[in-house]
Amino acid sequence: MPHTRRHGGNRDNRGKGNGGAGRRPGGPRRTGRPQDLVRRTAFDVIRAVETRDAYANLLLPARLRDRDLSGRDAALATELTYGTLRGRGTYDAVLALCSDRELRRIDAPLLDVLRLGAHQILATRIPPHAAVGTTVELARSVAGPGQAKFANAVLRKVAGRDLDGWLAIIAPPDADPVARLSVAHSHPKWIVSALRDAVGPAEIEDLLAADNARPRVTLVARPGRATVAELAGAGAEPAPYSPHGAVLPDGDPSAVAAVREGRAAVQDEASQLVALALTEVPVDGRDARWADVCAGPGGKAGLLSAVATQRDARLVAADVQPRRAGLVRGAVDGRAGVLAADGTVPPWRPGAFDRVMVDAPCTGLGALRRRPEARWRRGPESVAELGPLQRGLLAAALDATRPGGVVAYVTCSPHLAETRVVVDDVVRTHGGAERLDAPSVLTGLAPGLAGLGDGPYAQFWPHRHGTDAMFLALLRRT
């Protein structure tokens, strides 16, 4: 099942705020009634995601710091935020049966309160009566007493069954398979269909369930600047695959000195490995000029620049958005060059580089564990809209690579139209490229790694590898 009673606690937390007037910077409006800052913080982040296209993984840590939430309070706020965003599709199906109003007629802030309450009732250890009571108080502060009565009536009906009981009604076994999986695992139908095409019907349910699991915090020790042993000394454990990776069982990554100092960073293990794969392919002759043509926000560029420095090579990292290029500057070492440039019409000359990384913009369907809100923001039209850009970036990257050099095409999506279809199209129409066996390069880096596919392309999977669903194609310029 996508949601289980594993997270949260039975504390009410309603005493976290103080009375008095005014507004705390970044915080909720203060009234004479003590505020439940944990639930209010989760609600505020969810609303920002809905109204401002904010990213929960960027906004939530700032809100936790602003409101002095740490320890169990921070853990609960995190679970409520991410759990509600992940489970929205399932909870909406339940709420639709428990409300005498159509969901589209419920004010958006109140509907988010109801979703937050449904998550607490159906997927945490918080006792139902406490979940209902605290959510009704949140509804009162957000929407007023009348709406609080409505929320109370709806949530009491939600609490009448556990999650399994509701799933038997909203996602019965005899329903259309895609519709059933969509509701049971809280993914839009188009995503279920696309993922099933990519992974196959036998594994689709495992994949969807993995998308709803809380991901581990994985760190990268940038070579020459930090070591896995140093991260282990700070409480991390060596990652199963990446030679530079470590897993932080719990806690705040910024508490690790190497992370604070920029010598290490948070980076998914598959993201580390696809970058390292580009550096492992042998090239004849010159190997001094590397490029990352879609470098923002800088995760792969930071690792590539560290390896390049060790080999006396130099990385040029570019991003079309100046703000993202600025983030890259903070991730790379001093030898790297960083510029704001469009990778489809680049300022460098043809054949300038020996190794080129194309981390192409995509739908992000491979990172739904970390960015659960992405599943509700994108539609199938996004795939078609991104296709020309992905093809243009890969074609330009091949032009920028000298004969004998290597290009890595990477997406954080397993969607076939963003992965192998793009590469196949460009190789056919552009010419001058030889497909290399990406799985064999990756298993050379991590001998225990399996399940990447039969080649020449490699595909990581959350349910197989515990990573994001990262795709890798390696091409040699001929």
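Remember, predicted model here, so these are calculated numbers, not experimental data. (Residues numbered from 1 in each chain as written. Predicted model: local features only at pLDDT ≥ 70, side-chain atom pairs only at ≥ 80, totals over all residues. Heavy atoms only, no water.)

1. So, helix 5 (residues 108-123)
Rules: Numbering of helices and strands starts at the N terminus; helices are DSSP runs of H or I of at least 4 residues and strands are runs of E of at least 2. Under the convention used throughout, the expected extent of a helix is 1.5 Å for every residue step, that is, one less than its residue count. Exposure is judged per residue with a 1.4 Å probe applied to protein chains only, and the accessible area is read against the type maximum: over 50% gives exposed, under 20% gives buried, and values in between give partly exposed.
Here helix 5 is 16 residues long and its end C-alpha atoms lie 22 Å apart, about the 22 Å a rise of 1.5 Å per residue gives. In terms of burial, helix 5 is largely enclosed, as 14 of its 16 residues are buried.

2. Thoughts on the side chain of D354
The test is simple: Any N or O atom pair separated by 3.5 Å or less is treated as a polar contact, with the protein-specific requirement of one donor-capable and one acceptor-capable atom, and with residues adjacent in sequence counted only for side-chain atom pairs. Any two residues having at least one pair of non-hydrogen atoms within 4.5 Å are treated as being in contact.
For D354, the location among the structural elements is in strand 8 (residues 353-359). Judged by its relative accessible area of 0%, D354 falls in the buried class. A polar contact is formed between the side chain of D354 and the backbone nitrogen of A288, at a distance of 2.9 Å. With sequence-adjacent residues up to four places away left out, D354 is seen in contact with V283, R286, D287, A288, R289, T401, R402, G405 and V406.

3. Side note on the pairing of strand 7 (residues 337-340)
Counted only if it meets this: Following DSSP output, two strands are said to pair if at least two bridges run between them. With the strands pointing away from the viewer, any crossover whose connection runs clockwise from the first strand over the helix to the second is right-handed.
Direction of pairing for strand 6 (residues 314-319) relative to strand 7: parallel, over a ladder of four bridges. Bridge pairing links V316 to G337 in strand 7. With helix 16 (residues 322-329) bridging strand 6 and the parallel strand 7, this β-α-β connection has right-handed handedness.

4. With respect to the packing of helix 10 (residues 189-199) against helix 11 (residues 204-211)
A pair of packed helices is characterised by two quantities: the angle between their axes and the separation of those axes. Put simply, the test is: Helix axes use the C-alpha atoms of the stretch in contact, all axes being lines fitted to C-alpha atoms, and the angles between their N-to-C directions lie in the range 0 to 180 degrees. Roughly parallel means an angle under 35 degrees; roughly antiparallel means over 145; roughly perpendicular covers 65 to 115; every other angle is labelled oblique. In a left-handed crossing the near helix is turned counterclockwise from the far helix by less than a right angle, and in a right-handed crossing that turn is clockwise.
Here helix 10 crosses helix 11 at 125 degrees, and the two axes come no closer than 9 Å. Here helix 10 is positioned oblique relative to helix 11, judged by the angle of their axes. Judged by the twist between their axes, the crossing of helix 10 over helix 11 is right-handed. Contacts between helix 10 and helix 11 involve V192, L195, R196 and V199 from the first element and I204, L207, L208 and D211 from the second.

5. What to know about the environment of V345
Turning to its location among the elements, V345 is positioned in the loop between strand 7 and strand 8. Distance from V345 to L97, taken between C-alpha atoms, is 52 Å for residues 248 residues apart in sequence.

6. What about the nonpolar core?
Soluble globular proteins tend to pack their nonpolar side chains together in the buried interior. Under the convention used in this document: Buried Ala, Val, Leu, Ile, Met, Phe, Trp, Tyr and Cys residues that are joined via side-chain atoms within 4.5 Å together make up what is termed a nonpolar core.
Ranked by internal contacts, the top residues of the largest apolar core, which has 55 residues, are L114, L122 and V158. Among the elements that take part in this core, helix 5 stands out by supplying nine residues, more than any other. Counting residues in each nonpolar core, the second largest holds 47 residues, with A270, A295, L452 and A458 among its members.

7. Section: helix 1 (residues 37-52)
The end-to-end C-alpha separation of helix 1 is 21 Å, in line with the 22 Å expected for 16 residues at 1.5 Å each. Counted residue by residue, helix 1 has 13 buried out of 16 residues, so it is predominantly covered.

8. Some remarks on the packing of aromatic side chains
The line we're drawing: In summary, the pairing rule links any two rings of Phe, Tyr or Trp, Trp by its six-membered ring, whose centres are within 6.5 Å, and it sorts them by plane angle into stacked for under 30 degrees, edge-to-face for over 60 and tilted for everything else. Here, a charge over a ring is recorded when the distance from Lys NZ or Arg CZ to the ring centre is within 6 Å and its angle to the ring normal is within 35 degrees.
Taken as a whole and judged by the stated rule, the model has three aromatic pairs. Taking the centre distance of 5.5 Å and the plane angle of 80 degrees together, the rings of W348 and F353 count as edge-to-face. F353 shares its class with W348; the two are buried. Taken together through their ring pairs, the aromatic side chains of Y409, Y457 and F471 make up a single cluster. Above the face of the W166 ring, R161 is positioned so that its terminal group lies 5.0 Å from the ring centre. Taking the ring centre of Y55 as reference, the NZ or CZ of R371 above it sits at 5.0 Å.

9. Considerations on the pairing of strand 3 (residues 245-248)
Of the two faces of strand 3, the one carrying G245 and V247 and the one carrying A246 and L248 are both buried. Here four bridges tie strand 1 (residues 217-221) to strand 3, and the two strands are oriented antiparallel to one another. Each bridged residue has a counterpart across the sheet, and for L219 the counterpart in strand 3 is A246. Summarising the sheet, strand 2 (residues 237-238) and strand 3 pair through two bridges and their orientation is antiparallel. Bridging across to strand 3, E237 finds its partner in V247. Turn length for the strand 2-strand 3 hairpin, with the two strands adjacent in sequence and antiparallel, is six residues.

10. A closer look at the pattern of salt bridges
Our working definition: Whenever Lys or Arg places a side-chain nitrogen within 4 Å of a carboxyl oxygen from Asp or Glu, that contact is recorded as a salt bridge.
Following the criterion strictly, the structure yields 30 salt bridges and no others. With a shortest N-O distance of 2.9 Å, D44 and R67 are connected by a salt bridge. Here the residue D44 occupies a position in helix 1, and R67 occupies one in the loop between helix 2 (56-66) and helix 3 (71-86), the gap between them amounting to 23 residues. Of the two residues examined, D44 and R67, each falls in the buried class. In this structure, R370 and D268 form a salt bridge, with 2.8 Å as the shortest nitrogen-oxygen distance. Note that R370 is positioned in the loop between strand 8 and helix 17 (374-377) and D268 in the loop between strand 4 (264-266) and helix 14 (269-280), a separation of 102 residues in sequence. Through salt bridges that share partners, R47, D92, D112 and R115 make up one connected network.

11. A closer look at the confidence of the model for the protein chain
Definition in use: For every residue, the predictor assigns a confidence score, pLDDT, that lies between 0 and 100.
For the protein chain, per-residue confidence averages 92 on the pLDDT scale, and 93% of positions sit at 70 or higher. In this model residues 3-35 is a low-confidence stretch, pLDDT under 50, and it forms 80 contacts with partners more than four residues away in sequence or in other chains.

12. As for the sheet that holds strand 4
Hydrogen bonds along the backbone pair up the strands of a sheet, which may run parallel or antiparallel. Spatially, the four strands line up as an open sheet ordered 2-3-1-4, and their pairing is antiparallel. The open sheet is flanked by strand 2 and strand 4, the only strands paired with a single partner.

13. Focus on the packing of helix 5 against helix 6 (residues 128-143)
With their axes 9 Å apart at the nearest point, helix 5 and helix 6 run at an angle of 170 degrees to one another. Taken together, the axes of helix 5 and helix 6 lie roughly antiparallel to each other. Here helix 5 and helix 6 pass one another in a crossing that is right-handed. Taken together, the residues of helix 6 that come into contact with helix 5 (itself represented by P109, L110, V113, L116, G117, Q120 and I121) are A131, V132, T134, T135, L138, A139 and V142.

14. Topic: the side chain of H185
Along the polypeptide, H185 turns up in the loop between helix 9 (177-184) and helix 10. The class of H185 is buried, set by a relative accessible area of 3%. Within the local environment of H185, its side chain forms a polar contact with the side chain of E205, the two groups lying 3.0 Å apart.

15. Regarding the environment of G71
Considering the arrangement of structural elements, one finds G71 in helix 3. For G71, a relative accessible area of 56% gives the class exposed. Sequence separation of G71 and V38 is 33 residues, and the distance between their C-alpha atoms is 11 Å.

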